[in-house]
Amino acid sequence: MAVREKTITWEDPLATAEAGRELSGLEYMTGIVEGRFPQPPIAAHFGMTLKIIGPGDVIFAATPDESLYNPIGMVHGGVAATMLDSAIGCAVHTTLPAGVGYTSVELKVNFLRAIHGHTGEIRAHGWVVKPGSRIAFAEADLRDADGKLLATASSTCLIMKP
């Protein structure tokens, strides 16, 4: 059996988060897309990149490989769930003022198609359905490069004020 390796590197997430507390969510997320702030550490594990940002709307992209396989030879559903949760959370974050945070309260994922190492780039698009001062509602979908729907998600996020 051939042994494979994957090296993962990331920057200090606490320093980045601290810097982000001084900016609105949209300013902070824009800084990530523009490279002024590093991608979140979870992105390094799955090869995700925050690509597009707008008010209440984000897109993450990744190209899964076999290092993300589950025991039955396909990309683990947790990868799709993580990408969807990240897209939803970051979309909500873009609607928040400086110093206000969020966390997922619930996440419902529907897995519609298998993802393989040969699937190519996949994109998680997240958007806010209803922003709020205490709770926000958001949705996301995950598609392959041809636009085929792979998974969908809906979520409720708790808004956390200092």
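Residues numbered from 1 in each chain as written. Predicted model: local features only at pLDDT ≥ 70, side-chain atom pairs only at ≥ 80, totals over all residues. Heavy atoms only, no water.

Colleague: So what about the side chain of Ser155? Which residues, and what values?
Modeller: If you trace the backbone, Ser155 turns up in strand β6 (residues 149-160). Since its relative accessible area comes to 3%, Ser155 is described here as buried. From its side chain, Ser155 meets the backbone oxygen of Glu106 in a polar contact 2.6 Å long. In this view, Ser155 contacts Ile88, Ser104, Glu106, Leu107, Ala136, Phe137 and Ala138; residues no more than four positions away in its chain are not counted. (Helix = DSSP H or I, 4+ residues; strand = E, 2+ residues; numbered from the N terminus. Buried < 20%, exposed > 50% of the residue type's maximum accessible area, 1.4 Å probe, protein only. Polar contact = N/O pair within 3.5 Å; in protein donor to acceptor, adjacent residues only side chain to side chain. Contact = heavy atoms within 4.5 Å.)

Colleague: So what about a nonpolar patch on the surface? Which residues, and what values?
Modeller: A cluster of nonpolar side chains, namely Val105, Val129, Ile135, Phe137, Leu158 and Met160, defines an oily patch on the protein surface of about 490 Å² accessible area. Locating Phe137 in the fold gives a position in strand β5 (residues 135-144). With a relative accessible area of 38%, Phe137 lands in the partly exposed category. (Patch = residues over 30% accessible without salt bridge, like charges linked within 9 Å, V, L, I, M, F, W, Y side chains within 5 Å. Areas by Shrake-Rupley, 256 points an atom, 1.4 Å probe, with all protein chains shown as cover. Salt bridge = Lys/Arg side-chain N within 4 Å of Asp/Glu carboxyl O.)

Colleague: Can you lay out the pairing of β6 for me, pointing to particular residues and giving the numbers?
Modeller: Direction of pairing for strand β3 (residues 101-111) relative to β6: antiparallel, over a ladder of 10 bridges. Pairing of Ser104 across the sheet is with Cys157, part of β6. Taken together, the 9 bridges between β5 and β6 define a ladder with antiparallel strand orientation. By the bridge assignment, Glu139 is partnered in β6 with Ser154. From the end of β5 to the start of β6, which pair antiparallel, there are 4 residues, and Gly147 there has a positive phi angle of about 85°. (Pairing = 2+ DSSP bridges.)

Colleague: Residues and numbers for the pattern of salt bridges, please.
Modeller: Any two side chains of opposite charge can pair, so long as their charged atoms come close to each other. Throughout the structure, instances matching the rule amount to 6 salt bridges. As a salt-bridge pair, Arg36 and Glu34 come within 3.0 Å of each other at their nearest N and O atoms. For Glu34, a relative accessible area of 52% corresponds to the exposed category. Arg123 is the salt-bridge partner of Glu121, the closest N and O atoms lying 3.0 Å from each other.

Colleague: Any details on the environment of Ala87? Residues and values, ideally.
Modeller: Its location among the elements puts Ala87 in helix α4 (residues 77-93). Distance from Ala87 to Phe60, taken between C-alpha atoms, is 6.4 Å for residues 27 residues apart in sequence. Not counting the four nearest positions on each side in its chain, Ala87 is found in contact with Val58, Phe60, Ala124, His125, Gly126 and Ala140.

Colleague: I'd like a description of α4, backed by residues and values.
Modeller: Taking 1.5 Å of rise per residue, the 17 residues of α4 would be expected to cover 24 Å, and the 24 Å separating its terminal C-alpha atoms lies within 8% of that figure. Extensive coverage of α4 is indicated by the burial of 13 of its 17 residues. (Expected span 1.5 Å × (residues − 1).)

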